[in-house]
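Chain by chain, the residues run as shown.
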Amino acid sequence: MTQKQPHHSIADNYQQVLASIRSQEDRFHRPADSVHLLTVSKTHDADKVRQAYVAGARDFGENYVQEALDKITALAQSPQPLNDATWHFIGPIQSNKTRDIAGEFAWVHSVDRLKIAQRLNDQRPDNLPPLNVCVQVNLSNEDSKSGVPLDAAESLCASIAAMPRLQLRGLMAIPAPCAEHEQQRKAFQPLHAAFKELQQRHPTMDTLSIGMSNDFAAAIAEGSTMIRVGTAIFGARS
Ligand SMILES: *Cc1c(COP(=O)(O)O)cnc(C)c1O
């Protein structure tokens, strides 16, 4: 699958993605401003993150703990610190990284097992509000991919909802890549249905974290409340 390589500035790209979100909300009869933009800054340096910040980005997604900590530190120490940036961890989680994640991030989108949830709950510092958590669901059921199978999401959500230092916010998924809009929508549908059902039981669930550069229109059609976009803002990753 080819990914468009943007030729414009990060600020132009950011504004273009925002405009596209607004037009997809309209097209699929979603309320205005019901879809949030998470700017995925993994592999991009602090200077590029700052450019996105200046363009208006406040929520940033990172996949690699050490890379993220270096950037968070650099940006907090710079002459104009990014005090109101919110950091989201969206990558696979190793047990030995949960303390850093619990201490430095406001959100985690990629919780897919009980042991990791328990560690994050135990290690979330008392001086911070509860850590916002999405359960990552594996939609394609490939063994290699992260995520809990959809039929096990309910039980993991119930466990997390009972943990005092975690705030259960929703579901996240990364479907198998696919170029066609209707196919993309089909992949998201079971997740959207499960999300609506789980929301009945857990009113804190307000976030369906689906949609990336190549499929965010389909994700918005299927109820996404937060799209995670890297390439369309920063260009291709090397
Ligand atoms: C890299 C990544 C993204 C962004 O993907 P793009 O195709 O660059 O928009 C979104 N979500 C997760 C979990 C990622 O790892």
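- As named in an unreviewed UniProt entry, the protein chain is Pyridoxal phosphate homeostasis protein, taken from Pseudohongiella acticola.
- Per UniProt, the protein chain has the following entry under Function (unreviewed entry): "Pyridoxal 5'-phosphate (PLP)-binding protein, which is involved in PLP homeostasis."
- Of the comments in the UniProt record for the protein chain, the one headed Sequence similarities (unreviewed entry) reads "Belongs to the pyridoxal phosphate-binding protein YggS/PROSC family."

1. Quick look at the overall build of the protein chain
Point 1. Within the protein chain, the regular secondary structure consists of nine helices and nine strands.
Point 2. In terms of overall dimensions, the protein chain is globule-like: its C-alpha atoms have a radius of gyration of 17 Å, near the 18 Å expected for 238 residues.
Point 3. Along the three orthogonal principal directions, the C-alpha set of the protein chain runs to about 45 × 45 × 35 Å.
Point 4. For the protein chain, with 238 residues in total, the buried portion stands at 51%.
Point 5. Within the protein chain, contacts between residues at least 6 apart in sequence are counted, and of these 64% link residues at least 24 apart.
Point 6. Total accessible area on the protein chain stands at roughly 11400 Å², and carbon and sulfur atoms take up 48% of it.
Point 7. Between the mean site of the 24 positive side-chain charges and the mean site of the 26 negative ones, the protein chain shows a separation of 1 Å.

2. Points about the UniProt feature "modified residue: N6-(pyridoxal phosphate)lysine" (unreviewed entry) in the protein chain
Point 1. UniProt tags Lys 42 as "modified residue: N6-(pyridoxal phosphate)lysine" (unreviewed entry).
Point 2. Within the secondary structure layout, Lys 42 lies in the loop between β1 (36-40) and α2 (46-55).
Point 3. Ignoring anything within four residues of it in the chain, the contact list for Lys 42 reads Gly 61, Glu 62, Asn 63, Tyr 64, Glu 67, Lys 71 and Arg 237.

Conventions used here
Residues numbered from 1 in each chain as written. Predicted model: local features only at pLDDT ≥ 70, side-chain atom pairs only at ≥ 80, totals over all residues. Heavy atoms only, no water. UniProt positions renumbered as here; feature names shortened; annotations may be inferred. Helix = DSSP H or I, 4+ residues; strand = E, 2+ residues; numbered from the N terminus. Rg over C-alpha atoms; globule rule 2.2 N^0.38 Å. Buried < 20%, exposed > 50% of the residue type's maximum accessible area, 1.4 Å probe, protein only. Contact = heavy atoms within 4.5 Å. Areas by Shrake-Rupley, 256 points an atom, 1.4 Å probe, with all protein chains shown as cover. Lys, Arg positive; Asp, Glu negative; His and termini not counted. Charge placed at Lys NZ, Arg CZ, Asp CG, Glu CD.

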